Amino acid sequence: MIFQRFEDEGLSQYSYAVGCDGTGAVAIVDPRRTVDAYLAFAEARGLRISHVLETHIHADFASGARELAERTGAELKLSAYDEGELYEVAFPHTPLTDGDAFELGAVRIEALHTPGHTPEHLSYLVYDGARSRETPMLMLSGDFLFVGSLGRPDLLGEEAKLALAGRLYDSVQQKLPGLPDGLEIHPGHGAGSMCGSGMGGRPQSTLGFERLANPYLESGLGRERFIEQILGNVPPFPDYYRRMKQLNSAGPAPTSKLPRLRPIEAEEFHRLAGSGHAVFDVRGVREFGAGHIPGSFGIGGGRLLSQWAAWTLPYETPLLVVAPDPETARAARQSLLRVGLDGLAGWLAGGIDAWRAAGYPLAELRQVNAYELQQRLVGGDNGRVLDVRSDGEWQAGHIAGALHVHAGLLEDRLDELPRDGGPLYVICASGYRSTIAASVLARHGFEGVVNVIDGMDGWSRGNLPVVRD
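Residues numbered from 1 in each chain as written. Predicted model: local features only at pLDDT ≥ 70, side-chain atom pairs only at ≥ 80, totals over all residues. Heavy atoms only, no water.

### Considering the sheet that holds strand β4 (residues 48-53)
Working step 1: Taken in spatial order, the six strands of this open sheet run β1-β2-β3-β4-β5-β6, and their pairing is mixed. In the strand order of this sheet, the two ends are held by β1 (2-8) and β6 (94-96), each with one partner. Strand-to-strand twist in this sheet, taken as the mean axis angle between neighbours without regard to direction, amounts to 25°.
Working step 2: Of the pairings in the sheet, the one linking β1 to strand β2 (residues 13-20) comprises seven bridges and is antiparallel in character. Among the inter-strand pairings, Ile2 is bridged to a residue of β2, identified as Gly19.
Working step 3: The sheet strands contacting helix α1 (residues 36-45) are β1, β2, β3 (25-29) and β4, and the helix crosses β1 at an angle near 150°.
Working step 4: On the sheet, helix α2 (residues 65-72) packs against β3, β4 and β5 (75-79) and is oriented at approximately 150° with respect to β4. (Pairing = 2+ DSSP bridges. Helix = DSSP H or I, 4+ residues; strand = E, 2+ residues; numbered from the N terminus. Axes fitted to C-alpha atoms, helices over the stretch in contact; angles between N-to-C directions. Contact = heavy atoms within 4.5 Å.)

Now the structure itself:
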């Protein structure tokens, strides 16, 4: 049997290839939008992508299922249970219902309707006929069953979440009991995803271990307690999830048909930035602080860019990027495409040096390290500390007297923050999220914003005091 996991680290998202060596045919399950990794895998192994499957209409990343099927001629198989729901797939596909199966040589893939995270959610049981035709070897569980958790049931809003939580309970009680302890569980996400809470750090598990260690699979857990527990532990709701559901229902535009990313000279870049384009800067924390285009978002490049661009950047506004080199700019575009941000017009040719050489203004973000912050607070500084980490990080230990607002929710909670002009020290774990938050605050006219460049990691290394909830 062929089995391969693909990981998008920034979104903590897993997709899979599963198939049969004898036929050379593979199915790709839950592909991300930038599909080149799957095409390269198939070409390198001499395989044919014959089927493309999805577990559900995704909320946290843009799907590549439609494009991958079109580019390979594969059959696109999606859940039939979206019909009449709030989000319904609007492009041609083969519908799958509970128990539907197809074979790739000795490998059989069977759909299992596991609603709760979404109404249409399917999991897939995979049988390796070379070992057993009666006992499934693994489950591609999507956002139904995670390592240590289950998928959040609140994606369709307040009115629907109680019913979906109940359906999730039914899926656990009705679909899992007949399956063997040795069944490998391969979920759609790992730790760091907002699609569930309390996920374990390992990318896979077994059903037997989850029965022992997953709090939502605990024997004797009744419906009422289950619903209370699952809804009481959901992470913050990213606003972009609604947009992503709509995008994936309609089918994202093929990436091959989008305009090419181009270099933009400083004069034109300045004109576009002044006429409504939003600028984001993917340089490092220190470089952004030392000098950046006024009003730009400071979202460092790398593996976290997709997630934080989706949280932060305006959806309908054309975008411009400041990057240290063209390769980094092109990588930034790939990150944006994975969360449906298609409006990147180009990058600043020559980088920030070209902007500076043209005589255009630069803004600075004041920066201190954790030790300097502690010395200022002890010395009677009248500033406030704003902690923009997650709830779990905050509860594990924070600076006494600090304010707490999750970085992704900051724009919705600006009224809670002081505007008295005194220092506002923004802190996260390492300086990455605090730079994003500080740039958002500056765009909204906050003065006295200071970024703590080594964050709570630096605070902990200095054995500085924390309090806990």
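### Describing the pairing of strand β21 (residues 384-387)
Working step 1: Sheet analysis places β21 next to strand β23 (residues 424-427), joined by four bridges and oriented parallel. When the sheet's bridge partners are listed, Arg384 is paired in β23 with Leu424.
Working step 2: The pairing of β21 with strand β22 (residues 403-404) spans two bridges and is parallel. Each residue of the ladder has a partner; that of Asp387, found in β22, is His404.
Working step 3: Regarding the hand of the β-α-β motif, the stretch spanning β21, helix α13 (residues 391-396) and β22 is right-handed. (Right-handed = clockwise from strand over helix to strand, strands pointing away.)

### Remarks on the environment of Asp21
Working step 1: Looking at the element boundaries, Asp21 is found in the loop between β2 and β3.
Working step 2: Taking the C-alpha atoms as reference points, Asp21 and Phe3, 18 residues apart in sequence, are found 10.0 Å from one another.
Working step 3: Those residues in contact with Asp21 that sit more than four places away from it in its chain are Met1, Ile2 and Arg45.

### Notes on the sheet that holds strand β13 (residues 184-187)
Working step 1: Taken in spatial order, the six strands of this open sheet run β7-β8-β9-β10-β13-β14, and their pairing is mixed. Each edge of the open sheet is held by one strand with a lone partner, namely β7 (101-104) and β14 (205-206).
Working step 2: Pairing analysis gives seven bridges linking strand β8 (residues 107-113) to strand β9 (residues 122-128), with the strands arranged antiparallel. Each bridged residue has a counterpart across the sheet, and for Ala111 the counterpart in β9 is Tyr124.

### Remarks on the side chain of His404
Working step 1: Structurally, His404 can be placed in strand β22.
Working step 2: Residue His404 is classed as buried on the basis of its relative accessible area of 18%.
Working step 3: A distance of 2.9 Å separates a polar atom in the side chain of His404 from the backbone oxygen of Arg389.
Working step 4: Ignoring sequence-local partners within four residues, the contact set of His404 consists of Asp387, Arg389, Ser390, Asp391, Trp394 and Arg413. (Buried < 20%, exposed > 50% of the residue type's maximum accessible area, 1.4 Å probe, protein only. Polar contact = N/O pair within 3.5 Å; in protein donor to acceptor, adjacent residues only side chain to side chain.)

### Observations regarding the layout of surface pockets
Working step 1: In this structure, the largest pocket encloses a volume near 680 Å³.
Working step 2: What lines the largest pocket is a set of 28 residues, among which Gly192, Ser193, Met194, Ser390 and Glu393 lie closest to the centre.
Working step 3: The set of elements that each furnish at least two residues to the lining of the largest pocket consists of α9 (305-312), α13 and α14 (432-443).
Working step 4: Counting residues per element, the lining of the largest pocket draws most heavily on α13, which supplies four residues.
Working step 5: A class-by-class count of the residues in the lining of the largest pocket yields 10 nonpolar, 13 polar and five charged.
Working step 6: Empty space within the second largest pocket amounts to approximately 260 Å³. (1 Å grid on protein atoms, 1.4 Å probe; cavity = no way out; pocket = protein on both sides within 12 Å on 5 of 7 lines; lining within 4 Å. Points joined across faces, edges and corners; volume = space filled by probe spheres on them. Nonpolar A, V, L, I, M, F, W, Y, C, P; charged D, E, K, R; others polar.)

### A few points about empty space enclosed by the protein
Working step 1: A full pass over the atoms with the stated rule returns three cavities of 30 Å³ or more.
Working step 2: Taken as a whole, the largest cavity encloses approximately 90 Å³ of empty space.
Working step 3: Taken together, the residues that form the lining of the largest cavity break down as four nonpolar, four polar and three charged.
Working step 4: If you add up the space inside the second largest cavity, you get close to 60 Å³.
Working step 5: Considered class by class, the residues forming the lining of the second largest cavity number four nonpolar, three polar and one charged.

### Notes on the packing of α9 against α14
Working step 1: Axis separation between α9 and α14 bottoms out at 12 Å; the angle between their running directions is 25°. Taken together, the axes of α9 and α14 are roughly parallel relative to one another. Here α9 runs over α14; the crossing is right-handed. In contact with Leu305, Trp308 and Thr312 of α9, α14 contributes Tyr432, Arg433, Ile436 and Val440.
Working step 2: In terms of residue class, the contact of α9 with α14 is made up of five nonpolar, one polar and one charged. (Parallel < 35°, antiparallel > 145°, perpendicular 65-115°, else oblique. Left-handed = near helix turned anticlockwise from the far one by under 90°.)

### Here's the deal with the packing of aromatic side chains
Working step 1: Within this structure, the stated rule accounts for 11 aromatic pairs.
Working step 2: When the centroid spacing of 6.0 Å and the interplanar angle of 75° are considered together, the rings of Tyr216 and Phe226 count as edge-to-face. Of this pair, Tyr216 sits in the loop between α4 (207-213) and α5 (223-232) while Phe226 sits in helix α5, and the two are 10 residues apart along the sequence.
Working step 3: We classify Tyr216 as buried; its relative accessible area is 4%.
Working step 4: Of the residues examined, Phe226 reaches a relative accessible area of 1% and is grouped as buried. (Phe/Tyr/Trp six-rings, centres within 6.5 Å; stacked < 30°, edge-to-face > 60°.)

### Section: helix α12 (residues 370-378)
Working step 1: Turning to α12, its buried residues number three or more, namely Ala370, Leu373 and Gln374. In an axial view of α12, the angular spread of the buried residues amounts to 100°, which keeps them on one side of the axis.
Working step 2: Packed against the buried residues of α12 are β20 (366-368), β21, β23, β24 (449-452) and α15 (455-461).
Working step 3: For α12, the N-terminal capping position is held by Asn369, with its side-chain oxygen 3.1 Å away from the main-chain nitrogen of Tyr371.
Working step 4: One or two residues past the end of α12 sits Gly380, with phi positive at roughly 90°. (Arc of directions from axis to C-beta.)

### Description of the pairing of strand β18 (residues 319-322)
Working step 1: Burial along β18 is two-sided: the face carrying Leu319 and Val321 and the face carrying Leu320 and Val322 are both buried.
Working step 2: Here strand β16 (residues 278-281) pairs with β18 via four bridges, running parallel. Pairing of Asp281 across the sheet is with Val322, part of β18.

So far we have only geometry, and geometry alone does not tell us how the molecule works.
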